[in-house]
Every structure is written in C-alpha cells, then in structure tokens.
Amino acid sequence: MLNGKPIGVFDSGVGGLSVVEEIFKQLPGARIIYVGDTARVPYGGRPAKELIAFADEITNFLIQSGAWGIIDACNSTSAVALDYLQEKYVNPIIGVVEPGVKAALQVTKNNRIGLIATEATVKSGAHIRFAKLLNPNVHIYSLACPDFVPLVEAGEVTGDRTKSIVKKALKPLMCLGIDTLILGCTHYPYLAPVIKDVLGTDINLVDPAIETVKEAGKMIFNGHYRSFCPEADDQYFVTGDPAHFKTVGDMLIKNSLPIIRKVVL
Ligand code: DGL
C-alpha cells in the first residue's frame, strides 16, 4: 500500500534541503514532495500559534498532494507543532528536534552541549526538555542566531561578511566548555564549514538530519523504501519566488533541482 507514495518534506525555505540531501544518501529511490514556505520565511521570530497554523497548512497540502510519511524539516515547527500534527493526522510524521538531541547525547563526552537555533526554537525549550528526559545530567546551552537564516536564504554561506556575522553570534558559546553543538535549525548545516572555522575542530557539530532520516527510514518505510518508484519525479513547491529558490538551492546542494513550482497555500 505504501509503494509509490512520496515523503513530504517541509521547511520555511531552503533549510530543509539539508534534510533532502540526507534522504538522497540514506534512502535512494525514495520520492520527495518538498514545500519551502519562502513567502513567509523566516519562521524563527514568529509566535508558536502562527507556526502551528503554517505547519498544519503545509502538512495538509503535502498529504493532499499524495505524500504518505511527512518529515517536518524545520526545528521551529518541530519544536512547537509536532504534537499537534501527530494528533491530527494518521500519517507518520517525524520532526528534527528529538533526533538531533539523541545524536548529540550519543557523541558528547562531557555532557555539555550547545544548541544554536532560531528564537522560536530556543524559546520553546523543546531540546532541553527532551535531553533532560534522556539524561538528567546533561547541560544544554541554547543560543538564538537570528542572523543566520537570512544569510543562507540569500546563498551567502561563505566569505568574510558571513564569517564575521557567525563569529560575532557564536561568541557567547566560546568559554562554556561544550564539546558538542547541535545545529538546531536546518539552514545551519550550510554554514557548518564557517562555524567549524570559528569554533575549531574540537567541538562536534551535530546535524540532526542524519538521525532524522535514519528514524524516518524505519518509521515511514518500515525498511521497504527500496521498492518505491525511483523513476517518478520529485516535486518542489515554494510559496515565494521559484527562480530564487532554484538558484540558491542548486548552489547549496551542488546539484540541479528539478523545476520549482509556486503554490498558494
Ligand atoms: N529552518 C528552520 C528551522 O529549522 C526555520 C528557520 C527560519 O525560517 O527562521 O528552524
């Protein structure tokens, strides 16, 4: 029954492509329907109520478009809307917060973990709650980095200006003794080389996409993803400008995305 049904993936913009790239690696043959809500990016400064409404609209669109399993590839909506979505829809829906925490707990040696994320994600406290549940001794140091998403959306992931913005933003994390840093926004893996450059190589950077897709493979496909329809096309939708998404998306994934279509939700 699941054969041929695509995975729905959504984010506020190009950030969810970091999760799509991981799907390509771990689940070859899986089909994707992607929504980037670029008319309303950034999500990070928005209240939880609004984020729940956006996530609901997009999930509904993805399911109506034929998706079965859904990956909420946005930490901000995963942090505040996942319970609501899982309650409302029968489809398997997975977020990026819990997998990111699990991955970080697996690598930390000193139980001092940094979290960089949007204001909405930090304010939700979702990572801390889940981490404490799994390991009451862990310390999570959260830092909102509101300047990072606009950089990635503009495709400015390298260069002096980007490095100086990243350096300034990460200063509060410098002397906390963290050995692990969760990239708690799906846009941030595209800044990972700059973040590494600023923080040094002693800190493990955790991209939650890896664990998310591992869990999605088990949950959504039950190990049957290989029988999906590799010959069918992936579909990409945005609420804003398709041409801009294509230009930046192609640059970020170092590949050519198929045609990007505009959708009104
Ligand atoms: N990439 C999203 C996240 O993981 C949203 C970022 C934003 O639009 O502010 O939080």
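Residues numbered from 1 in each chain as written. Predicted model: local features only at pLDDT ≥ 70, side-chain atom pairs only at ≥ 80, totals over all residues. Heavy atoms only, no water.

Visitor: Is there a simple way to explain the nonpolar core in this structure?
Guide: One broad trend across soluble globular proteins is that nonpolar side chains are buried collectively. Judged by nonpolar contacts, the single largest core of 52 residues is most densely connected at Leu17, Ile23, Ile116 and Leu170. No other element matches the five residues that helix H9 (residues 192–199) contributes to this core. If we skip the residues at most four places from it in the chain, Ile116 touches Leu143, Cys145, Phe148, Leu170, Leu173, Leu181, Ile182, Leu183, Gly184, Cys185, Tyr188 and Ile195. The next biggest cluster of nonpolar side chains, apart from the first, holds 21 residues, and it includes Cys74, Ala120, Phe237 and Val263. (Core = buried A, V, L, I, M, F, W, Y, C linked by side-chain atoms within 4.5 Å. Buried < 20%, exposed > 50% of the residue type's maximum accessible area, 1.4 Å probe, protein only. Helix = DSSP H or I, 4+ residues; strand = E, 2+ residues; numbered from the N terminus. Contact = heavy atoms within 4.5 Å.)

Visitor: Explain empty space enclosed by the protein here, please?
Guide: Sizing a probe to match a water molecule and rolling it over the atoms shows the empty space that remains. Within this structure, the stated rule accounts for two cavities of 30 Å³ or more. Approximately 70 Å³ is the volume attributed to the largest cavity. The wall of the largest cavity is formed by 15 residues, among which Ser12, Cys74, Ser76, Thr118 and Cys185 lie closest to the centre. Residues that form the lining of the largest cavity fall into these classes: five nonpolar, nine polar and one charged. Lining the second largest cavity, in full, are Asn75, Val96, Leu183, Cys185, Thr186, Pro189, Asp207, Pro208 and Ala209. (1 Å grid on protein atoms, 1.4 Å probe; cavity = no way out; pocket = protein on both sides within 12 Å on 5 of 7 lines; lining within 4 Å. Points joined across faces, edges and corners; volume = space filled by probe spheres on them. Nonpolar A, V, L, I, M, F, W, Y, C, P; charged D, E, K, R; others polar.)

Visitor: Please explain the sheet that holds strand S5 (residues 112–117) as it appears in this structure.
Guide: Strands belonging to one sheet form pairs held by backbone hydrogen bonds; the direction of such a pair is parallel or antiparallel. Read from one edge of the open sheet, four strands run S6-S5-S7-S8, paired in parallel fashion. Across the chains shown, the open sheet's two edge strands, defined by having one partner strand only, are strand S6 (139–144) and strand S8 (204–206). Between one strand axis and the next, the sheet turns through 25 degrees on average, direction left out of account. Bridge count between strand S7 (residues 180–184) and S8: three bridges; the pairing is parallel. Pairing of Thr180 across the sheet is with Asn204, part of S8. (Pairing = 2+ DSSP bridges. Axes fitted to C-alpha atoms, helices over the stretch in contact; angles between N-to-C directions.)

Visitor: Got a minute to help me understand the site of the ligand in this structure?
Guide: Residues in close proximity to the ligand total 14 residues, the closest being Ser12, Tyr43, Gly44, Asn75 and Ser76. Measuring from an oxygen atom of the ligand, one finds a backbone N or O atom of Gly44 at 2.8 Å. Thr186 has a polar side-chain atom sitting 2.9 Å from a nitrogen atom of the ligand. Here the ligand has 300 Å² of accessible area as a free molecule, and 99% of this is covered by the chains. In this structure the site holding the ligand corresponds to the largest cavity. Each residue belonging to the shell around the ligand can be placed in one class, and the counts come to six nonpolar, seven polar and one charged. (Near = heavy atom within 4 Å. Polar contact = N/O pair within 3.5 Å; in protein donor to acceptor, adjacent residues only side chain to side chain. Areas by Shrake-Rupley, 256 points an atom, 1.4 Å probe, with all protein chains shown as cover. Sits in = over half its atoms within 2 Å of the grid points.)

Visitor: Sorry, what's going on with the layout of surface pockets here?
Guide: Computed from the structure, the largest pocket encloses a volume of approximately 330 Å³. Along the wall of the largest pocket there are 19 residues; nearest its centre are Ser78, Leu82, Asp83, Val97 and Glu98. At the level of elements, helix H3 (75–88), helix H4 (97–107) and helix H6 (126–134) are the ones that each hand at least two residues to the lining of the largest pocket. By residue number, the principal contributor to the lining of the largest pocket is H3, which donates seven residues. For the lining of the largest pocket, the class distribution of residues is eleven nonpolar, three polar and five charged.

Visitor: So what exactly am I meant to see when it comes to the side chain of Thr108 here?
Guide: Locating Thr108 in the fold gives a position in the loop between H4 and S5. On the basis of relative accessibility, which here comes to 11%, the residue Thr108 falls in the buried class. Side-chain polar atoms of Thr108 contact the backbone nitrogen of Asn110, separated by 3.4 Å. A distance of 3.0 Å separates a polar atom in the side chain of Thr108 from the backbone nitrogen of Asn111. Residues in contact with Thr108, not counting those within four places in the same chain, are Ile113, Asp179 and Thr180.

Visitor: Would you mind going over the environment of Glu50 with me for this structure?
Guide: Relative to the helices and strands, Glu50 is located in helix H2 (residues 48–64). Separated by 28 residues in the primary sequence, Glu50 and Ser78 place their C-alpha atoms 13 Å from one another.

Visitor: Quick question: what am I supposed to make of the environment of Phe10 here?
Guide: Mapped onto the fold, Phe10 is located in strand S1 (residues 7–11). Taking C-alpha positions, Phe10 is 7.0 Å from Cys74, a pair spaced 64 residues apart along the chain. Sequence-distant contacts of Phe10, that is, excluding residues within four places in its chain, are made with Val35, Ala55, Ile58, Thr59, Leu62, Ile70, Ile71, Asp72, Ala73, Cys74, Thr77 and Leu85.

Visitor: Before we go on, may I ask you to explain the packing of aromatic side chains in this structure?
Guide: Here the distance between the centres and the angle between the planes together describe a pair of aromatic rings. For the coordinates displayed, the defined rule picks out five aromatic pairs. Here Tyr43 and Phe54 contribute two aromatic rings whose centre-to-centre distance is 5.4 Å and whose plane-to-plane angle is 45 degrees, an arrangement assigned as tilted. Residue Tyr43 is found in the loop between strand S2 (32–36) and H2, and its partner Phe54 is found in helix H2; the two are separated by eleven residues along the sequence. The interplanar angle of 85 degrees and the centroid separation of 5.1 Å between the aromatic rings of Phe61 and Phe237 together place this pair among those described as edge-to-face. Here Phe61 is found in helix H2, whereas its partner Phe237 is found in strand S9 (residues 235–238), with 176 residues between them in sequence. For the residue pair Phe61 and Phe237, the accessibility class agrees, reading buried in each case. The structure contains a cluster of three or more aromatic residues connected by ring pairs, namely Tyr34, Tyr236 and Phe245. Over the aromatic face of Phe54 sits the side chain of Arg40, whose NZ or CZ is 3.7 Å from the ring centroid. (Phe/Tyr/Trp six-rings, centres within 6.5 Å; stacked < 30°, edge-to-face > 60°. Lys NZ or Arg CZ within 6 Å of the ring centre and 35° of its normal.)

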